[in-house]
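# Structural features, examined
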There are 2 protein chains.
Amino acid sequence: MTTVPVSMTDVRELVDGALRAAVGRLDPRTYRVAAYHLGWTDTEGHPRTAPAGKALRPALALLSARAAGAPQESALPGAVAVELVHAFSLLHDDIMDGDRIRRHRPAAWTVYGEPAAILAGDALLALAGEVLLEAPGQGSARAARALAVATRRLIAGQSLDLDFETRQHISLEECQSMAADKTAALLECSCSIGAVLDGAPEPLADALASFGADLGAAFQLVDDLLGIWGDSATTGKPTLSDLRSRKMSLPVVAALNSGTPASELLAELYARPEPPDEDELAETARLVEMGGGKAWAEAEAGRRVECAADHLAEAGLPDAVRNEFLHIADFVTCRDH
Amino acid sequence: MTTVPVSMTDVRELVDGALRAAVGRLDPRTYRVAAYHLGWTDTEGHPRTAPAGKALRPALALLSARAAGAPQESALPGAVAVELVHAFSLLHDDIMDGDRIRRHRPAAWTVYGEPAAILAGDALLALAGEVLLEAPGQGSARAARALAVATRRLIAGQSLDLDFETRQHISLEECQSMAADKTAALLECSCSIGAVLDGAPEPLADALASFGADLGAAFQLVDDLLGIWGDSATTGKPTLSDLRSRKMSLPVVAALNSGTPASELLAELYARPEPPDEDELAETARLVEMGGGKAWAEAEAGRRVECAADHLAEAGLPDAVRNEFLHIADFVTCRDH
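Described in the following lines is the structure provided in the data block. Since the model is a prediction, treat every value here as computed from it, not as a measurement.

## Some words on the nonpolar core
- Judged by nonpolar contacts, the single largest core of 174 residues is most densely connected at A:F325 and B:F325.
- Sequence-distant contacts of B:F325, defined by excluding residues within four places in its chain, comprise B:L60, B:L63, B:S64, B:A67, B:C191, B:L208, B:F211, B:L312 and B:L317.

## A look at the packing of helix α8 (residues 172-197) of chain B against helix α9 (residues 202-229) of chain B
Residues and elements named next belong to chain B.
- The geometry of α8 relative to α9 is characterised by a closest axis approach of 7 Å and an angle of 145° between their N-to-C directions. For the pair α8 and α9, the sense of crossing is right-handed. Where α8 abuts α9, its residues A179, T183, A184, L187, E188, C191, S192, A195 and V196 lie against A205, L208, A209, F211, G212, A213, L215, G216, A217, F219 and Q220.
- Split into classes, the residues belonging to the contact of α8 with α9 amount to 14 nonpolar, 5 polar and 1 charged.

## Description of empty space enclosed by the protein
- Counted according to the given criterion, the structure contains 3 cavities of 30 Å³ or more.
- Reported here for the largest cavity is a volume of approximately 270 Å³.
- Every residue lining the largest cavity is counted, 22 residues in all, and those nearest its centre are A:L125, A:A126, A:G129, B:L125 and B:G129.
- Breaking the lining of the largest cavity down by element, the ones donating at least two residues are α6 (114-133) and α7 (139-164) of chain A together with α6 (114-133) and α7 (139-164) of chain B.
- No other element matches α6(A), which puts 7 residues into the lining of the largest cavity.
- Split by residue class, the lining of the largest cavity holds 17 nonpolar, 4 polar and 1 charged.

## Some thoughts on the relation of the copies chain A and chain B
- Superposing chain A onto chain B takes a rotation of 180° plus a shift of 0.0 Å along the axis, which leaves an RMSD of 0.0 Å. Interpreted geometrically, this transformation is the action of a two-fold axis. Scanning chain A for the C-alpha nearest the rotation axis identifies A:A141, at a separation of 2.7 Å.
- Most of the interface of chain A is mirrored in chain B, where 100% of its interface residues are also at the interface.

## Re the environment of A:I155
- Looking at the element boundaries, A:I155 is found in helix α7.
- Sequence spacing of A:I155 and A:K182 is 27 residues, and the spatial spacing of their C-alpha atoms is 6.7 Å.
- Beyond its immediate stretch of four places on either side in the chain, A:I155 contacts B:D27, B:T30, B:L119, B:D122, B:A123 and B:A126.

## What to know about the side chain of A:D224
Residues and elements named next belong to chain A.
- Along the polypeptide, D224 turns up in helix α9 (residues 202-229).
- For the buried D224, no salt bridge is present, and the opposite-charge side chain at shortest range is K247, 4.0 Å distant.
- Ignoring sequence-local partners within four residues, the contact set of D224 consists of D242, K247, S249, L250 and P251.

## Looking at the interface of chain A and chain B
- Listed as interface residues are 37 residues of chain A and, on the opposing side, 37 residues of chain B.
- With both sides pooled, the region where chain A packs onto chain B buries about 3100 Å², and carbon together with sulfur makes up 69% of that total.
- On the surface where chain A and chain B come into contact, there are 2 salt bridges.
- Here A:E130 makes a salt bridge to B:R152, at a shortest N to O gap of 2.7 Å.
- Elements with a minimum of two residues in the side of chain A that touches chain B: α2 (28-37), α4 (76-97), α6 and α7 of chain A.
- The biggest single contributor to the side of chain A that touches chain B is α7(A), with 14 residues.
- Tallied by class, the residues present in the side of chain A that touches chain B amount to 20 nonpolar, 7 polar and 10 charged.

## Focus on the pattern of salt bridges
All names here are of chain A.
- Overall, the coordinates contain 46 salt bridges over all chains when judged by the stated rule.
- For E324, the salt bridge is made with R66, and the minimal N-O distance between the two is 3.1 Å. Residue E324 is found in helix α16 (residues 319-333), and its partner R66 is found in helix α3 (residues 56-67); the two are separated by 258 residues along the sequence.
- Taking the relative accessible area as the measure of exposure, E324 reaches 21% and is therefore partly exposed.
- When salt bridges with common partners are traced through the structure, they connect R12, D16, R20 and E83 into a single cluster.

## Looking at the packing of aromatic side chains
Residues and elements named next belong to chain A.
- Counted according to the given criterion, the structure contains 4 aromatic pairs over all chains.
- Ring geometry for Y36 against Y112: centres 5.6 Å apart, planes inclined by 70°, an arrangement best described as edge-to-face. Of the two residues, Y36 sits in helix α2 while Y112 sits in helix α5 (residues 108-112), which places them 76 residues apart along the sequence.
- Note on Y112: relative accessible area 19%, which makes it buried.
- For the cation-ring pair, R105 lies above Y36, with the distance from its terminal atom to the ring centre recorded as 4.0 Å.
- The side chain of K294 reaches across the aromatic face of W229, ending 5.0 Å from its centre.

## What about the environment of B:D224?
- Assessed through its relative accessible area of 3%, B:D224 is described here as buried.
- In this structure, the C-alpha to C-alpha distance between B:D224 and B:A297, residues 73 residues apart in sequence, is 8.5 Å.

## As for the environment of A:D198
All names here are of chain A.
- Inspection of the secondary structure assignment puts D198 in the loop between α8 (172-197) and α9.
- Classification of D198 by relative accessible area gives partly exposed; the value is 39%.
- If we ignore the near neighbours within four places in the chain, the residues touching D198 are A68 and A70.

## Some remarks on α8(A)
All names here are of chain A.
- With 26 residues, α8 extends 35 Å between its outermost C-alpha atoms, agreeing within 8% with the 38 Å of an ideal straight helix rising 1.5 Å per residue.
- The largest bend in α8 amounts to roughly 50° and is located at A184.
- Most of α8 is tucked away, with 19 of its 26 residues classed as buried.
- Of the residues trailing α8, G199 is marked for its positive phi of about 75°.

## Observations regarding the packing of α6(B) against α7(B)
Residues and elements named next belong to chain B.
- Packing of α6 against α7 leaves a shortest axis separation of 8 Å and a crossing angle of 160°. Our classification of the angle between α6 and α7 gives roughly antiparallel. At the point where α6 passes α7, the crossing takes the right-handed sense. Residues L125, A128, L132 and L133 of α6 lie in contact with α7, whose contacting residues are S140, A141, A143, A144, L147 and T151.
- For the contact of α6 with α7, the per-class residue count stands at 8 nonpolar, 2 polar and no charged.

## Details of helix α3 (residues 56-67) of chain B
Residue and element names in this part refer to chain B.
- Between the first and last C-alpha of α3 there are 16 Å, a value that for 12 residues agrees with the 16 Å anticipated at 1.5 Å per step.
- Burial in α3 covers these residues: L56, R57, P58, A59, L60, A61, L62, L63, S64, A65 and A67.
- One or two residues past the end of α3 sits G69, with phi positive at roughly 85°.

Cut-offs used in this document
Residues numbered from 1 in each chain as written. Chains lettered and ligands numbered in written order. Predicted model: local features only at pLDDT ≥ 70, side-chain atom pairs only at ≥ 80, totals over all residues. Heavy atoms only, no water. Core = buried A, V, L, I, M, F, W, Y, C linked by side-chain atoms within 4.5 Å. Buried < 20%, exposed > 50% of the residue type's maximum accessible area, 1.4 Å probe, protein only. Contact = heavy atoms within 4.5 Å. Axes fitted to C-alpha atoms, helices over the stretch in contact; angles between N-to-C directions. Helix = DSSP H or I, 4+ residues; strand = E, 2+ residues; numbered from the N terminus. Left-handed = near helix turned anticlockwise from the far one by under 90°. Nonpolar A, V, L, I, M, F, W, Y, C, P; charged D, E, K, R; others polar. 1 Å grid on protein atoms, 1.4 Å probe; cavity = no way out; pocket = protein on both sides within 12 Å on 5 of 7 lines; lining within 4 Å. Points joined across faces, edges and corners; volume = space filled by probe spheres on them. Least-squares fit on C-alpha atoms with pLDDT ≥ 70 in both. Lys, Arg positive; Asp, Glu negative; His and termini not counted. Salt bridge = Lys/Arg side-chain N within 4 Å of Asp/Glu carboxyl O. Buried area = accessible area lost by both parts, 1.4 Å probe. Phe/Tyr/Trp six-rings, centres within 6.5 Å; stacked < 30°, edge-to-face > 60°. Lys NZ or Arg CZ within 6 Å of the ring centre and 35° of its normal. Expected span 1.5 Å × (residues − 1). Bend = angle between axes of the 7 residues up to and from the residue. Parallel < 35°, antiparallel > 145°, perpendicular 65-115°, else oblique.

All quantities given are derived from atomic positions and should not be read as evidence of function.
Structure (structure tokens):
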């Protein structure tokens, strides 16, 4: 396993204070839910020494300032804003998807109820805009606009993902487009927001965004692989969880569209009305692998990481910054959690 | 009944196109829910000739541009943005409050399900920021920041309102503070957003916001009076609806805190576990009136409209603009719907 990049471990500390200050503006009831969701408190509202989250998006935001030749601190409002949008989306997604567990803990809505969780998500989204627009300089409006567009895409992706649950056939292209919106749009924004805040020229901001788009695609492929073959102790989700919920994830959709004998059997298992038992789960995983879903997802993840690296090369970044970006890309695509 | 102010009838037409263009950016599934919620389509997605909504917030936004000496069209992005935030809040509030009817129609969540309705609300909120930040000029970032703060307050107000449902005692001050956040914050923003977009000096923007704060307080008082004594045919809600759900509205809380014999009886009825029958509802309404809740709310609404007028006088507006603001204030506080 790749070690956690330095830029990511440093970041959590740098961003944490600003993130706490922002969330601290919320009314006490909404704060309580948000602080729990962010891992700062337990269900009773007592502080907990949380295992720090990945802070992937803030790390990318800070690096993106350095890509534009600005100090990383200048991107702090951007780093906080993308993390707030990420937190908002997880909070609402858990309600919509009926997911009861988030990072080894009960999901916020199961603790505080749906109304409070809906409201806390709303608050985090509004707060993201507020914080970002407080950043000095003219770049803040451009950054806030980019974040709003990314949020609209994130929502479109989740909407398509929900739609998939009601459908029999999904093309691989549709599934990739869903992931581009649901996962990659915010990473795209994270990778460019620091540069945008600094007033960087469009070509640089675009190259960084393109890096983020490919990184996001690779990230989702790896996430989907872990959702089937990941170790529950490190992913924080039950084994084979995506197959348990018959999720239309990328490896599954690839296998379903493979035109192999496995794809028909897989379609049959996925269409069954009753929840799968353990034998069926194991069989489903085997069929996804036989249908080439696993091999394709692994190869495609690798290909997208290479594309991401190409975009960075175009951007003409200082070596140190480029290497840190690549280290992060490596980390998120070789992770086991 | 006061006639609908000219500025409000004109506005719907002017804003409608821009609002439709904005909402048209959403993905087709999210659009469907939003268009239904906004009254543009029926449950099948077919266009309907909707009875136009009040467009109160857009009307105030456009007037506020004229207050700063700018053409009302310059405030269009602001008018669209405040209407989007308003639509977002109603969509999510209906889910949180379990309200199944909105303007004589099934609430969106009862038609499309909670996940789709949560998502559509999220999309409308994100869209508000996106549209506002596209407005030309430096005022847009200041306006978007004010709107984000208003949204945070709106959420805090809804959060406190939800909290009230679990509590026995609520002070009148708390209840007023809740309404100031839940209802008045967005009206405050609507009344100043056009001026802010035009780069108006702080004192003018502040006077307009203060007008909106008092207008909002009066608006909520009238709304609460209608929630008890309004005619269901015009309010679109069942008669005595707020008492049916034992809502802690301003007239009720005023009566509960009146220290009269009625307040004790009222508290007793409100604390009953079983839903009220028609006789109990009539008795509850009588007790709110005997406890002085109705008279206080009527007087307080009148007082807040006068305060609102005083703020306008301070602002030194052109007579035509001031009169239109006052006409709107008169309209929303003398309405029967």
